[in-house]
Every structure is written in structure tokens, then in C-alpha cells.
Amino acid sequence: MISLEFSNKLELSSSPHIHSKWSTKKVMWFVVLALMPSLISGIIFFGTYQLLIVLVSIFFCITTEFCIKKIRKSKVTIDDGSAVVTGILLGLILPPNFSLTATALGAIFSIAIGKELFGGLGFNIFNPALIGRAFLQAAYPVAMTTWSKPNFSVDTITSATPLAAYKFDKVLTQLKPMIIGNIGGSIGETSAIAILLGGFFLIAVKIVNWRIPLSMIFGMILFSGILWLIDPLKYANPLFHLFAGGFLFGAFFMATDWVTSPITSKGMWIFGFAISLIIVVIRTFGGLPEGVMYAILIMNAFVPLINRLTKPKIFGEQK
Amino acid sequence: MLFFNQKKTFRGGIHPNTYKELTEDLSFEIMPPPKQVIIPLSQHTGKPAKPLINKGTKVKTGELIAEQDGYISANIHSSVTGKVIKISSAVNVNGFIKESIFIETDENEEFCKMPSLNIEAITAEEIKTRIKDAGIVGLGGAAFPAYVKLSPPDKKIDYVILNGCECEPYLTRDYRLMIERTDDIISGLKLIMKAVNASKGIIGIEDNKIEAINKLKKALSNYSDISIIPLKTKYPQGAEKMLIKAVINREVPPGKLPFDVGCIIHNIGTTISIYDAISKGEPQITAAITVSGKGINKPKNLIARVGTPLIDIINFCGGIKSNTKKIIVGGPMMGIAQYDLSAPVTKATSGILVLNDEEVTNFKETNCLRCGKCVEVCPLNLIPTRLARLTQFKKYEDAKNLGITVCMECGTCTYNCPANIPLVQWIRLGKQKAMSIIS
Ligand code: SF4
Ligand code: SF4
């Protein structure tokens, strides 16, 4: 028999009293897990030094966040795992054998400018890892476009990325090495298999909303396909675009960043299509071979607008 | 057109663990009257009833002790035989202090019923009058007086929909009622259809309640005007607007009621009360309750007298385990945490849940990740994250323009938020403020 005094021990809070098993922390660790195949592929194709780059990037991301929170005297939130994710993401989009000092600077920039300047997790407008990379692109333009030859390359002369090879020399890389990852490129961006493995995992556990990668892929096929149909000799085919450069990595891990992508379903479609359109424009008509980073950063800026324009119709509401 | 076996539903919603296995196979047990009952004068939406008795009055089980006051109000009958010891305020399960009648139970029970009516020959008016006399309130949560719902103003009603979803986790009383009182539910539905002159009846049931679906289907084989529609198991499938959308594909506009789209919705338990009141002359003096959760020693489906204190019910169910953390009246999604176990069950109480520390998950709240998970699941297509934020900034006008007053407080958004932001709590607050803005 329990007595009325038991009431005092009961916890009070308002409904709902149950919660899904997801927390910010758990989500972040799942993303870390999903990035492991790409990290491993980077180590296989470019050597163990790449692990060092990623670790340095993680270390400086965490430390920067910790210091800024301390300076600002706000609650230290590094245990939410988001700094770790940014660290890995940044490491994986750097060229193999990149300088560790520059990596550290990029990591500091990612967190300090890309995230904490806006107020920390949830308040940033741009993807922090891409902000870090954009900074390094400006500060170290040569090192950022110097590509190491992958370990198992049959081609002993070139280490250029497929996109650069196509843009500057009209050399079309074969599909198979691009899918496996045995090509020049950023540490985690070359192996389509590894990226898809992690990407599908995140879609399966519903962390990544499939609409964004799917709309990007559709958009890419559509926009690059139109050009290709106009002149197949002048423009690369859609499959090449899908597997070359940072497209897949961007589609599954960068554009899908929760904080910097739209919250509405319709908004996600618009976001994905627009990113692909910008990528095709930059790759085809711009001075750079690659365009994923800029395309995502540009669209990040439009997210608040997209969210506002795609507000869903309230249930039962007549327009 | 509607077909059998088609899995219909609405957009959004969540799939929490149901925990129905704790009680779904347990037949109803009847709990003996407690030593004392506390019967609140207000167990319904609207004005409290007016007491007809005084301290010291001897009352019989089923005797009218408080009378409906105004149009939206309901009669209240004594749930036990005994002596009125006082009329004073007492805590109720909604956390409010309400005027209540305290009755000390006598050992020898005497009943006081209304005359039974012939369910074949009865007229629509007689049905409504009896429902009103028996003090029947809707058992779906809001406890709206049932006869009011049956008197829609000049609207053609073509469907009467019975809500057999019971989408809240843990609760199994409607499921058990559908199995144990199948025929009475159908008779009750027929009576409601007659009362509002509707030609079609529909019973919407979530597809995880297979036994109930089968039993009802069998019992319905010679009724052509009533159909069963199995629905996807999903929370909040039992919310009126969601159910109507799923079964007849009509959307109730914001601020409107089911009859505005030509239908009337009743709960399973209400339908049985209506049947009992008409065919047996019984007023609504008992509540069918699921007592469940991993913290209770003997989970049960129970028929208890209205006014029985929670503590008596808990002790009747073998008491609680030591790791109990929360006691809730209602379901875990919309129910109310209790702080005083002397509060009594009322006509509309659906469940008592004793949850332990493993069932009540408390994560740390973090910043909004703008993941859109709350937007994805909101059945009413609201933007919970923005509504909560606007409330925090006291921008009630903006929140109102974004539909905050439409929110049905189902808690789906909060359940799904990985940042563990108490969205519905903020929205509830903002909703109250927004409603007070004169527009
Ligand atoms: S509580 Fe309100 S805002 Fe949240 S999901 Fe339910 S209806 Fe939508
Ligand atoms: S679910 Fe939570 S974290 Fe995600 S957008 Fe909504 S409020 Fe923000």
C-alpha cells in the first residue's frame, strides 16, 4: 500500500511525458559514424597522414569552441558533438597532405567566424566547415589546389582532379575509379561508395532528409543533362558531374546540415535544385573547376527567405 | 469512395512505442466502491453543476445529486450509496481546485435508475433528452456534454464517426470495450445516427487493433449502413480533425467543428454510456480506465466509480514500484502529471499511468538545430519551432498570424525534437496570450 505522502516524490512537468530517443548529442555521433567510411577511404587512397589532418581539425574546432564559450562566459556546449562534426567535415574536404598549421587555422576560422560569431550552434547561417574551407581557399590558394596522387593510381603522371582534368585538358576520367575513389581530390570526397554508405545510413535513420540529396541529384542530372544534350562534345555528361569533385559529399553531408538548410519540405526541394544549378553554372562557365562549396554557401544565405516563402498551408485552411 | 482494408491516414504524426501489451489482453475488472468518493461538480466543459443535496443527505447509487446549470453543463449522479459528508473544494486531476461532493460509502448498496427505453421505438428527441438526463459527457478528452454535440445547429450531418483509434500509448480501454461490448457499441452508434438523422456510420480503428476490427466486422455483417475503416497506427490518429481527414477525406478548417464538414464524432466509451443510459437507464457514474505503466505492480483495465481517489485505484492495482517517477492521468502524450493522489477520477478519465525512470526520458535542452523535425510531424502543418520562438520573444500577434491558435497541443512536435525543446509548452503559453488579443 502506498500512502498519500508518496505524492511528494513525484516529478511534475507538462505533457508530452515521453520523447523520441533522439537528442542533439546522439544525432551528432551518428553523423560522426556516417563519416567514417569517407575518412577510411581517404586514409586508404592518400595515406595515414590524412587521419592526422582530421584529428588536428577536430582538436582545433573543439578548443576554439571551448575558449570562445569561456571568454563569453556562456555555457560550454562542446559535449553536444557539433564541433567534432565540423572538425571531421572540414578535414575531409581539404586536399590530401595539406599543411597541419593551415588546417588548424581553418578549423579555428570555421568555429570562430562560421559558428560562434553568430551565437553558436543553431544560430549560424553558413555551414561552418565550408566557411573554414572558403577561408583556406583565399589564404592558401595554391596549397588548396595542389592534389596528391592517389595510392593506387594507374596513371602515373597526373594527380589533377577529374574536374580540373576536364576543364583544362578536356580529359574525361572514367567512371569506375571515381566510384571507388582512386582519383585525385579532397580527402573524403573521392570515393562515391564510401560517401553513399554513410549517406544512406543517415537517410535510413532519418537524420538526413532524403529530399535534399535527391533534389540535388535530380537537379544535377537535369541541368548538366540539358547542356550535354545541346553539345555532348563541349559539355561533360551528367554522370561525370555526379561523381566528380565534391558533389556527392556536398549532397549528403554539407547541404543537409540541419542548421543551414530549409525546414520545410518544399523549401528543401528548392534548395537542392538551386544548389545544383549553381554548381553547373560555376563548373561550366566559371573560372573554377569546382563549385559545390560556393553553391552551398550561396544557398545557405537564402534559407531564411526560402523558409518564409514555403510556409505550409495550415491544415484545413482555404487559400 | 471508401474501401475496406485501405490504410488511410493523415500527413505527419509519429510512431511512439505503444506499450499496449501491458494491458491489451486483460479483461475489465470491476473495482468495488471505495470508502469515500469525491465527486467534482465540474467534470465537463462548461458551467459546474448545481448541487441538489446538503451535508448529511443520504444518497443512492445513480441518484441525481447535482443538476446541469445552463446549456453547456451536465447532470451529476452519485456513484455510490452513502452519506454526503461535505461539499467543499478539492484538488482534481487537472490540477485545479474544484467544488466537490464528498460521500462516505455505505456497505449496503441501493440503486436508483431511470426507466429503460425501447431502443427500437425511441425518437431522436427522446434519445437526446435521455443523454442529457444521464449527464453523459464525451470521453475523448475535452469532456464536452454529449447532448450538445448531438444538437448541431441546422447542419446536415451525413456521417457519424466513432473514434476507435486510441492512439495514445499505453491506453487500452477503448480496445477492450470494442472487444467486450461489441454489440452495445453498434447499438449505441445506431442511436447516435438516429439522434442526428445521419445515414452512415463509420468506425475508424488503428490497424494494430486486429481483434477489435475482426469482432466488429463480424458483428456488422448484417448492417449495410455502418462500415469499419482500419487506419494506420500513428499518433495522433485519434485527434478529431485527423480522423475525419483519414476516414472521409474532409478537412475541418481552423476554428470550425466537425459538424461544419457534415459529421459528428464520438468516442467508443461515450457510445457505450449512451447505450447504457437508454437501454438500461444507467446514468454515467463509472469510468473505464486503463491503469498501466512499468511502475504499477498489476496493470489492469478497470471499471471504477466516478470519484474514486487515485490512490485507492493505485493500491487496488497492487501499488507501485520503487523506481516510479511520474503518475499521469490520461495518456503519456497529452495526459497530466499528478501531484496529489487524493484527486478523484472523473467521468472522462481514460487512464492512470505510473511511469518509471526508464519510461520518462529527460534529455538536456539544447539550441534549436533548425532540423525541421517538428515541422515534418505537425499534423496541422504548423511551424512549431517558429511559434515557440515567437512566444519566447512575446510576439503573440505574429504567432497568431502563423496559426498558433490552431494548435491542438498534441505534443507531437515536442516528442520529435532532438534538441528537446519544450515546444508545446511554449506554444500553449503563446496560444493563451494570442487568444486574448482582440482581433
Ligand atoms: S502540439 Fe501543436 S504545433 Fe505541435 S505538433 Fe501538435 S498541433 Fe502541431
Ligand atoms: S525539432 Fe526542435 S531542433 Fe528541430 S527545428 Fe524543431 S524546434 Fe528546432
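If you're wondering where the values come from, they're calculated on a predicted model, not measured in any experiment.

Draft legend 1. Looking closely at the overall build of chain B. Helix and strand content of chain B: 13 helices and 17 strands. Relative to a compact globule of 439 residues, whose C-alpha radius of gyration would be 22 Å, chain B shows 21 Å and is just as compact. Relative to its 439 residues, chain B shows a buried fraction of 60%. Pairs at least 24 residues apart make up 73% of the contacts formed inside chain B by residues separated by at least 6 positions.

Draft legend 2. Structural detail: helix H3 (residues 173-180) of chain B. With seven of its eight residues buried, H3 of chain B lies for the most part within the structure. Of all the residues in H3 of chain B, the buried ones are Arg-173, Asp-174, Tyr-175, Arg-176, Leu-177, Met-178 and Ile-179 of chain B.

Draft legend 3. Inspection of the pattern of salt bridges at higher detail. Applying the stated criterion to the full structure yields 25 salt bridges over all chains. One salt bridge connects Glu-65 of chain A with Lys-115 of chain A, and the closest N-O pair in it is separated by 2.7 Å. On the criterion of sequence distance, the pair formed by Glu-65 of chain A in helix H2 (residues 49-72) and Lys-115 of chain A in the loop between helix H4 (100-112) and helix H5 (128-139) is long-range, its members being 50 residues apart. Residues Glu-65 of chain A and Lys-115 of chain A agree in their burial class; the two are buried. Salt-bridge contacts for Lys-245 of chain B lead to Glu-251 of chain B; the nearest nitrogen and oxygen are separated by 3.1 Å. We classify Glu-251 of chain B as partly exposed; its relative accessible area is 26%. Put simply, Arg-181, Asp-184, Asp-276 and Lys-280 of chain B are held in one network by salt bridges that share partners.

Draft legend 4. Highlighting the site of ligand 2. Taken together, 13 residues surround ligand 2, and among them Cys-368, Leu-369, Cys-371, Cys-374 and Cys-417 of chain B come closest. In terms of residue class, the shell around ligand 2 is built from nine nonpolar, two polar and two charged.

Draft legend 5. Representation of the pairing of strand E2 (residues 36-40) of chain B within the structure. Residues and elements named next belong to chain B. A large share of E2 lies buried, amounting to four of its five residues. In this sheet, strand E8 (residues 97-105) lies alongside E2 in antiparallel orientation, the contact comprising five bridges. When the bridges of E8 are listed, Gln-36 appears paired with Glu-104.

Draft legend 6. Geometry of the confidence of the model for chain B. All names here are of chain B. Per-residue pLDDT for chain B averages 92, and the proportion of residues at 70 or more is 98%. A low-confidence stretch, residues 1-5 (pLDDT under 50), is modelled with nine contacts involving residues beyond four sequence positions or located in other chains. Per the prediction output, this complex has pTM 0.90; the corresponding ipTM is 0.89.

Draft legend 7. Layout of helix H9 (residues 211-230) of chain A. Along its 20 residues, H9 of chain A runs 28 Å from first to last C-alpha, staying within 8% of the 28 Å computed at 1.5 Å per residue. Within H9 of chain A, burial applies to Arg-211, Ile-212, Pro-213, Ser-215, Met-216, Ile-217, Gly-219, Met-220, Phe-223, Ser-224, Gly-225 and Leu-227 of chain A.

Draft legend 8. Representation of the nonpolar core within the structure. Among the nonpolar cores identified, the biggest contains 91 residues, and Phe-247, Phe-249, Phe-253 and Ile-275 of chain A are the most heavily contacted of them. With near-sequence residues (within four places) excluded, Phe-247 of chain A lies in contact with Met-216, Ile-217, Met-220, His-241, Leu-242, Ser-276, Ile-279, Arg-283, Glu-290 and Val-292 of chain A.

Draft legend 9. Quick look at the pairing of strand E9 (residues 159-164) of chain B. Residue and element names in this part refer to chain B. In terms of residue burial, E9 counts as a mostly covered element, since six of its six residues are buried. In this structure, E9 lies alongside strand E12 (residues 263-267), joined through five bridges in parallel fashion. Directly across from Tyr-159, in E12, lies its bridge partner Cys-263.

Draft legend 10. Layout of the environment of Ile-244 of chain B. All names here are of chain B. Within the fold, Ile-244 resides in helix H6 (residues 240-248). A C-alpha to C-alpha distance of 26 Å links Ile-244 and Gln-43, two positions 201 residues apart in sequence. Apart from the residues lying within four places of it in its own chain, the contact partners of Ile-244 are Ile-161, Asn-249, Arg-250, Val-252, Pro-258, Val-261, Cys-263 and Ile-265.

Draft legend 11. Local environment of the sheet that holds strand E5 (residues 64-67) of chain B. Residues and elements named next belong to chain B. Spatial strand order, E3-E5-E6: three strands in an open sheet with antiparallel pairing. Two strands lie at the open edges of the sheet, namely strand E3 (50-51) and strand E6 (76-77), each paired on one side alone. Alignment of E5 against E6, held across two bridges, turns out to be antiparallel. Bridging across to E6, Leu-64 finds its partner in His-77.

Draft legend 12. Structural detail: the interface of chain A and chain B. Contact residues are listed per partner, giving 45 residues for chain A and 69 residues for chain B. Broken down residue by residue, the surface that chain A buries against chain B is led by His-17, Ile-18 and Phe-315 of chain A, which jointly contribute 17%. In this assembly, chain A and chain B are joined by three salt bridges. Residues Asp-79 of chain A and Lys-364 of chain B are paired through a salt bridge, measuring 3.5 Å at the closest nitrogen-oxygen approach. For the pair chain A and chain B, the interface holds 25 residue pairs in polar contact (both at pLDDT 80 or more). Elements with a contribution of two residues or more to the side of chain A that touches chain B: helix H1 (24-46) and helix H13 (292-309) of chain A. Its residues assigned to classes, the side of chain A that touches chain B shows 19 nonpolar, 17 polar and nine charged.

Draft legend 13. Fine view of the packing of aromatic side chains. In this structure the tally under the stated criterion is 14 aromatic pairs over all chains. With centroids separated by 5.0 Å and ring planes inclined at 70°, the aromatic side chains of Trp-22 of chain A and Phe-30 of chain A adopt a geometry described as edge-to-face. A ring pair is formed by Tyr-71 of chain B and Tyr-147 of chain B, whose centres lie 5.9 Å apart and whose planes are at 85°; its orientation type is edge-to-face. Of this pair, Tyr-71 of chain B sits in the loop between E5 and E6 while Tyr-147 of chain B sits in helix H2 (residues 146-149), placing them 76 residues apart in sequence. According to the relative accessible area criterion, Tyr-147 of chain B is buried, its value standing at 6%. Members of the aromatic cluster, each reached through a chain of ring pairs, are Trp-22, Phe-30 and Phe-201 of chain A. Cation over ring: Lys-234 of chain B sits above Phe-10 of chain B, and NZ or CZ is 4.5 Å from the ring centre. Over the face of the ring belonging to Phe-316 of chain B we find Lys-300 of chain B, whose NZ or CZ atom lies 5.5 Å from the ring centre.

Draft legend 14. Just the site of ligand 1, in detail. All names here are of chain B. Neighbouring ligand 1 are 14 residues, the closest being Cys-378, Cys-407, Cys-410, Gly-411 and Cys-413. Elements supplying a minimum of two residues to the shell around ligand 1: helix H12 (412-416) and helix H13 (423-436). Here the shell around ligand 1 is built from residues that sort into 11 nonpolar, two polar and one charged.

Draft legend 15. Expanded view of unusual backbone geometry. In the segment running from Ser-15 of chain A into Pro-16 of chain A, the intervening peptide bond is cis, with an omega of -5°. Along the chain, Pro-16 of chain A falls in the segment before H1. In this model, Asn-97 of chain A sits at a positive phi of 60°, which is unusual for a non-glycine residue. You can see Asn-97 of chain A is positioned in the loop between helix H3 (82-92) and H4. Residue classification places Asn-97 of chain A among the partly exposed residues on the basis of a relative accessible area of 41%. Non-glycine residue Glu-166 of chain B carries a positive phi angle of around 40°. Within the fold, Glu-166 of chain B resides in the loop between E9 and H3.

Draft legend 16. Local environment of a negative patch on the surface. All names here are of chain B. A surface patch of like charges, here negative, comprises Glu-104, Asp-106, Glu-107 and Glu-110. Positionally, Asp-106 belongs in the loop between E8 and helix H1 (124-133). The exposure class of Asp-106 is partly exposed, given its relative accessible area of 38%.

Procedures and definitions
Residues numbered from 1 in each chain as written. Chains lettered and ligands numbered in written order. Predicted model: local features only at pLDDT ≥ 70, side-chain atom pairs only at ≥ 80, totals over all residues. Heavy atoms only, no water. Helix = DSSP H or I, 4+ residues; strand = E, 2+ residues; numbered from the N terminus. Rg over C-alpha atoms; globule rule 2.2 N^0.38 Å. Buried < 20%, exposed > 50% of the residue type's maximum accessible area, 1.4 Å probe, protein only. Contact = heavy atoms within 4.5 Å. Salt bridge = Lys/Arg side-chain N within 4 Å of Asp/Glu carboxyl O. Near = heavy atom within 4 Å. Nonpolar A, V, L, I, M, F, W, Y, C, P; charged D, E, K, R; others polar. Pairing = 2+ DSSP bridges. pLDDT = per-residue confidence, 0-100. Expected span 1.5 Å × (residues − 1). Core = buried A, V, L, I, M, F, W, Y, C linked by side-chain atoms within 4.5 Å. Buried area = accessible area lost by both parts, 1.4 Å probe. Polar contact = N/O pair within 3.5 Å; in protein donor to acceptor, adjacent residues only side chain to side chain. Phe/Tyr/Trp six-rings, centres within 6.5 Å; stacked < 30°, edge-to-face > 60°. Lys NZ or Arg CZ within 6 Å of the ring centre and 35° of its normal. Patch = residues over 30% accessible without salt bridge, like charges linked within 9 Å, V, L, I, M, F, W, Y side chains within 5 Å. Areas by Shrake-Rupley, 256 points an atom, 1.4 Å probe, with all protein chains shown as cover. Lys, Arg positive; Asp, Glu negative; His and termini not counted. Charge placed at Lys NZ, Arg CZ, Asp CG, Glu CD.

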